[in-house]
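Observations on the model geometry
So the chains spell out like this:
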Amino acid sequence: MENMNKKIQCIALVIMCLSILYFGVHMESVEKMKEKNMIRVSVVLPHSDDGYWSNIEKGILEGEADYSDRVDVQIHIPQLNYNIDQMVELIKRQTAAKVDAIIVQGNENKEYVDALIGARNQGIQIVLVDTDILIFPPHLYVGTNNYEAGVLMGEKLAEITGGEAKVAVLSGEAGYANLQERCQGLAAISEKYPLIEFIRLDYDNYDGLTVMNKYNEIHGENPEIDTLVCVEGTGGQTLGAVFKEEQSEYQNIVVFDITEETQKGLKNGIVDGIVSQDTNQMGYQAIKEIVKYMDEGKYSNNCIYTKTGWIASETIEEEEAYE
Amino acid sequence: MNRDTVFKSSVTRKYTIGYILLSVIAAILLMISFCANSFISSSYKRATDELLELNELYVDVEMVNNRVNIGYLYLRNNVYEDYLRECEKTRILIQKVKEEQKKNYTREVIDTVCTMETYLEKTDQLMKKLQDYIISTQKSSMEYQEIESDYRDAQEVLKYISINFQEVYGVKLVTVQQTQRNIQILQEKITILQVSLLILGCLACLYYCSKVIHGVTFSLGKLTDAVKNIEKDVYQKIHVDINSNDEFEDFANALNRMIDVIQNQMYKIEENANIKEKLAVAEIENLRIYGELQKSRLTLLQSRINPHFLFNTLNMISSMAHIENAEKSAELMEITATYLRYNLDNLSKSVTLKQEIDNVKNYVYIQQYRFEERYQFFFEIDDECEKCNIPFMILQPLVENSLKHGLSMRLSGGRVWVRVLLLRKGNGKIRLEVEDNGMGMTESEIVSMKREIANNTMQSEHIGIRNIYMRLKLFYGELVDFDIIRMKEGLKIGITVPLNKGGK
């Protein structure tokens, strides 16, 4: 009987301990205490898309997850795509809220730059992704080396066209350094391939309707143009979604950014090749560098380039398998 | 209460442990309920308090903005003090919220309070400029433009505060909703936990109590069985084995010891009885051997006489006496021969009193021939006693002793009385007496003689008396009474024996 007493006492003690432990753990989980002195990062994305900026956002959130005890990210998107006024408003709001860092796409618009300078003057880190602002004071840029990406696109264009083509370039919007750099890199190949002739440059305003409008406009106004180059993602996405091979007015179409639509275009034969950017890494590296700056007072480098690649119809399956 | 009592388990202690177990379970349940209630109420309070606090903060900012508007729109100098007071109050509240945010961080709240700080910085700047502008005598348009720009900036930030507050409110509502859901889940889990604990506790208690009760009844059953078995057979080797570590174990041990003691005592009593029985058997055997010894002695004595030869001789002489017409001699010879025949035929036998008396009379007849009128013999015989059996040759040796030792020195007037008396009728006794009026014995001689008879150490001159006594003892056992009585004149030998016609 004495042994039995001891056993019962032990069982009672274990039950009590387990109850307290369970209760404590549960309370802890409900409490969900966050770390003090979190790095408040605000991200102002130009628009909500499905493939490019969403990948950058994904990378940012992955970075936040990896530094969850240090970083708190808030994503802000203007109601209208690439609306400078709304983005400026958002930046000013974050500035007034005295956040620790703002991640935005670069834009040469004066008000936009002024808003960023205002934030920087308050000690807020400014991290530009995808697009740099060359005139902006020392800052961090994380994104593609757009000039080199333009050169890559040119080289591949030369391969596709055999070094002879009449080219129309469809860009996003004036004032974006990244697009300008891509165009510059693309144009640089004309020295190497003189038979590649750039006929015109148009802007789609990051808008599918405008893309289609420009598509028709270019063909209508310059029927001699046989090659269309979209140096910004919206152009490729729209064409990939809308056209089949036999419907294309152009012999060759080369686009930027790998998305579901551009891949579809590539499979359909409407698109001949895609220059891909590592958008996920753009977002992730931005967060990583912000943390580093908070810890060490400096970035790894003020300009961090992410990888670019070329995807043609021959390599699409390989790329899909890789993904 | 000594050490043993404290540390030894007892039935009371076992029941007490059961009650304690119940109390502990109840305490755990109460504790869980208390903690859960505290946690739930604190969660609700925290969620709502934060919202109320932010609302208060927003109202304070509105109050500050009210002062700013009055100052800006009406250029009132006296509003500045009110503004500072409101600002101070708001800053204290902002600081409080920021401190709380260190413990319970919410991004939207932090952004909002930081925006409020920005707003206060801007309004401070604005209100200072306004003060300067009101005080200054030369009011330049540039100053006014700066004030206007600052005012716009402040209002813009106020707009952000409003947007932020709406966001915070939305977030907080979601948080409250989430908290409510979490609390609901927690309550369900706590209820399950409490019910589980209650069931487990009840089961544990039931198990424990059943064990204790079973232990008690089992012990009682064992004790009862043991007692019943002992009642049936006290010699049964029974030991009650109880290891309950309580009073029952003590009781069982005591019962075992008691059984051992009783059984040991019973064995000893039985052993003593056996020994006594053996002793009695040995004593009887001793008496038998002694009797045999006496018989052999008697045989030896009788063999000395060579009676057959004498008897034949006497018969022959008697015949001769008849032939020669010597009638008296012939009669004497016949009586003597009868006497001798009696002695020869009844050796080692019991005889009737009549036979014994007849034999005595024959002897007396012979002696009267010898001594003629010198001795007189008197017989007082109760006829009822004649058929009683007595040992052979009891009375004649006594009469012979009277003549030989008592009356031998008396030349005339010697008397011998032979009495056979029935003392009580039915289961009465017979009294045999032989009395003479001879020289008798002194008291000391009588005492000495009695001692010798009792101790079987008598000298050869008293061998007849001792022989009679021993044969009477063998015949009647302890029922015989043998007296030697000193008379005024002479001596009397008295024998009292049971009236047993068949003999022993």
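Residues numbered from 1 in each chain as written. Chains lettered and ligands numbered in written order. Predicted model: local features only at pLDDT ≥ 70, side-chain atom pairs only at ≥ 80, totals over all residues. Heavy atoms only, no water.

1. Overview of the overall build of chain B
Check the secondary structure of chain B and you find twelve helices and seven strands. Of the accessible surface of chain B, which amounts to about 29,200 Å², a share of 57% is contributed by carbon and sulfur atoms. (Helix = DSSP H or I, 4+ residues; strand = E, 2+ residues; numbered from the N terminus. Areas by Shrake-Rupley, 256 points an atom, 1.4 Å probe, with all protein chains shown as cover.)

2. Describing unusual backbone geometry
A negative phi angle characterises most non-glycine residues, just as the trans form characterises most peptide bonds. Residues and elements named next belong to chain A. Positive phi is not limited to glycine here, since Tyr-82 has a value of about 50°. Along the polypeptide, Tyr-82 turns up in the loop between strand 2 (71-76) and helix 3 (84-96). We classify Tyr-82 as buried; its relative accessible area is 6%. One non-glycine residue, Tyr-206, lies in positive phi territory at about 55°. Its location among the elements puts Tyr-206 in the loop between strand 7 (196-203) and helix 7 (208-221). Take Tyr-206: its relative accessible area is 5%, and that puts it in the buried class. (Buried < 20%, exposed > 50% of the residue type's maximum accessible area, 1.4 Å probe, protein only.)

3. Here we look at the sheet that holds strand 4 (residues 125-129) of chain A
Residue and element names in this part refer to chain A. Strand order in the open sheet made by the six strands is 2-1-3-4-5-11, with parallel pairing throughout. Of all strands in the sheet, those bounded by a partner on one side alone are strand 2 and strand 11 (303-306). Averaged over all neighbouring strand pairs, the angle between strand axes comes to 20°, with direction disregarded. (Pairing = 2+ DSSP bridges. Axes fitted to C-alpha atoms, helices over the stretch in contact; angles between N-to-C directions.)

4. Section: the packing of helix 3 of chain A against helix 5 (residues 141-232) of chain B
Close contact between helix 3 of chain A and helix 5 of chain B brings their axes to 10 Å; oriented N to C, the two are set at 85°. By the angle class used here, helix 3 of chain A and helix 5 of chain B are roughly perpendicular. Where helix 3 of chain A approaches helix 5 of chain B, its residues Glu-89, Lys-92, Arg-93 and Ala-96 of chain A are matched on the opposing element by Glu-156, Val-157, Lys-159, Tyr-160, Ile-163, Asn-164 and Glu-167 of chain B. Of the residues assigned to the contact of helix 3 of chain A with helix 5 of chain B, the class counts are four nonpolar, one polar and six charged. (Parallel < 35°, antiparallel > 145°, perpendicular 65-115°, else oblique. Contact = heavy atoms within 4.5 Å. Nonpolar A, V, L, I, M, F, W, Y, C, P; charged D, E, K, R; others polar.)

5. Let's talk about the packing of helix 2 (residues 11-74) of chain B against helix 5 of chain B
Residue and element names in this part refer to chain B. Running from N to C, helix 2 and helix 5 point in directions that differ by 175°, and their axes come no closer than 10 Å. As the angle between them shows, helix 2 and helix 5 are arranged roughly antiparallel. Residue composition of the contact of helix 2 with helix 5, by class: 41 nonpolar, 13 polar and four charged.

6. Regarding the state of the cysteines
Applying the stated rule across the entire model yields zero disulfides over all chains. Of all cysteine sulfurs, the one in Cys-205 of chain B lies closest to Cys-209 of chain B, which takes part in no disulfide; the gap is 6.1 Å. (Disulfide = S-S within 2.5 Å.)

7. Details of the pattern of salt bridges
A side chain with one charge can pair with a side chain of the opposite charge if their charged atoms come near. The full count for this structure, using the stated rule, is 38 salt bridges over all chains. Put simply, Glu-217 of chain A and Arg-200 of chain A hold a salt bridge, and the shortest N to O gap is 3.4 Å. You can see Glu-217 of chain A sitting in helix 7 and its partner Arg-200 of chain A sitting in strand 7, a full 17 residues away along the chain. Accessibility expressed as a relative area gives 15% for Arg-200 of chain A, which makes it buried. With a shortest N-O distance of 2.6 Å, Glu-285 of chain B and Arg-288 of chain B are connected by a salt bridge. Here Glu-285 of chain B pairs with Arg-288 of chain B, and both are found in helix 6 (residues 247-305), just three residues apart, close to one helical turn. Look at Glu-285 of chain B and you get partly exposed, because its relative accessible area is 34%. (Salt bridge = Lys/Arg side-chain N within 4 Å of Asp/Glu carboxyl O.)

8. Comments concerning the packing of aromatic side chains
On inspection of all chains with the given rule, the structure shows 19 aromatic pairs over all chains. Geometrically, the ring pair formed by Tyr-58 of chain B and Phe-165 of chain B is stacked, given 4.6 Å between the ring centres and 15° between the ring planes. Of this pair, Tyr-58 of chain B sits in helix 2 while Phe-165 of chain B sits in helix 5; the two residues are 107 residues apart in sequence, bridging distant segments of the chain. Across this residue pair, the class does not change: Tyr-58 of chain B and Phe-165 of chain B are buried. With a centroid separation of 3.9 Å and an interplanar angle of 5°, the aromatic rings of Tyr-72 of chain B and Tyr-151 of chain B are classed as stacked. Separated by 79 residues along the polypeptide, Tyr-72 of chain B in helix 2 and Tyr-151 of chain B in helix 5 bring together distant segments of the chain. You'll find Tyr-72 of chain B and Tyr-151 of chain B in the same group, each marked buried. Joined through ring pairs, the aromatic side chains of Tyr-82, Tyr-176 and Tyr-206 of chain A make up one cluster. The lysine or arginine in question, Lys-361 of chain B, covers the ring of Phe-379 of chain B, its NZ or CZ lying 5.5 Å from the ring centre. (Phe/Tyr/Trp six-rings, centres within 6.5 Å; stacked < 30°, edge-to-face > 60°. Lys NZ or Arg CZ within 6 Å of the ring centre and 35° of its normal.)

9. Let's talk about the side chain of Thr-131 of chain A
Residues and elements named next belong to chain A. As for its position among the elements, Thr-131 is in the loop between strand 4 and strand 5 (140-144). Looking at Thr-131, its side chain comes within polar contact range of the side chain of Asn-178, at 2.8 Å. The contacts of Thr-131, once residues within four sequence positions are left out, are Gln-105, Gly-106, Tyr-141, Tyr-176, Ala-177 and Asn-178. (Polar contact = N/O pair within 3.5 Å; in protein donor to acceptor, adjacent residues only side chain to side chain.)

10. Re empty space enclosed by the protein
In total, this model carries two cavities of 30 Å³ or more according to the counting rule given. Roughly 130 Å³ of volume is contained in the largest cavity. Every residue lining the largest cavity is counted, 17 residues in all, and those nearest its centre are Tyr-52, Tyr-82, Glu-232, Gly-233 and Asp-257 of chain A. Its residues assigned to classes, the lining of the largest cavity shows five nonpolar, seven polar and five charged. In this structure, the second largest cavity spans a volume of roughly 50 Å³. If you go around the second largest cavity, the residues you meet are Gln-74, His-76, Arg-93, Gln-94 and Ala-97 of chain A together with Glu-108, Asp-111, Asn-164 and Glu-167 of chain B. Those elements that place two or more of their residues in the lining of the second largest cavity are strand 2 and helix 3 of chain A together with helix 4 (107-135) and helix 5 of chain B. For the lining of the second largest cavity, a count of residues per class yields one nonpolar, four polar and four charged. (1 Å grid on protein atoms, 1.4 Å probe; cavity = no way out; pocket = protein on both sides within 12 Å on 5 of 7 lines; lining within 4 Å. Points joined across faces, edges and corners; volume = space filled by probe spheres on them.)

11. Quick look at helix 8 (residues 327-345) of chain B
Along its 19 residues, helix 8 of chain B runs 26 Å from first to last C-alpha, staying within 8% of the 27 Å computed at 1.5 Å per residue. Those residues of helix 8 of chain B not exposed but buried are Ala-330, Met-333, Ile-335, Thr-336, Ala-337, Tyr-339, Leu-340, Tyr-342, Asn-343 and Leu-344 of chain B. (Expected span 1.5 Å × (residues − 1).)

12. Here we look at the sheet that holds strand 5 (residues 429-436) of chain B
Hydrogen bonds between backbone groups are what pair the strands of a sheet, and the pairing can be parallel or antiparallel. Residues and elements named next belong to chain B. The strand order across the open sheet built from five strands is 2-4-5-7-6, with neighbouring strands paired in mixed fashion. Each of the sheet's edge strands pairs with one partner strand only, and the pair in question is strand 2 (375-381) and strand 6 (481-486). Between one strand axis and the next, the sheet turns by 10° as a mean value, whatever way the strands run. Packed onto the sheet, helix 9 (residues 353-371) meets strand 2, strand 4 (414-422) and strand 5 and runs at close to 165° relative to strand 2. Packing against the sheet, helix 10 (residues 395-406) makes contact with strand 2, strand 4, strand 5 and strand 7 (491-498), and its axis sits at approximately 20° to strand 5.

13. Side note on the nonpolar core
Grouped together as the largest cluster of nonpolar side chains are 66 residues, with contacts concentrated most on Val-41, Ile-102, Ile-103, Tyr-112, Leu-116 and Val-127 of chain A. Ignoring sequence-local partners within four residues, the contact set of Ile-102 of chain A consists of Ser-42, Val-44, Ile-91, Gln-94, Thr-95, Ala-119, Ile-124, Gln-125, Ile-126 and Val-127 of chain A. If you look at the next biggest cluster of nonpolar residues, it comprises 55 residues, including Tyr-339, Leu-353, Ile-390 and Leu-472 of chain B. (Core = buried A, V, L, I, M, F, W, Y, C linked by side-chain atoms within 4.5 Å.)

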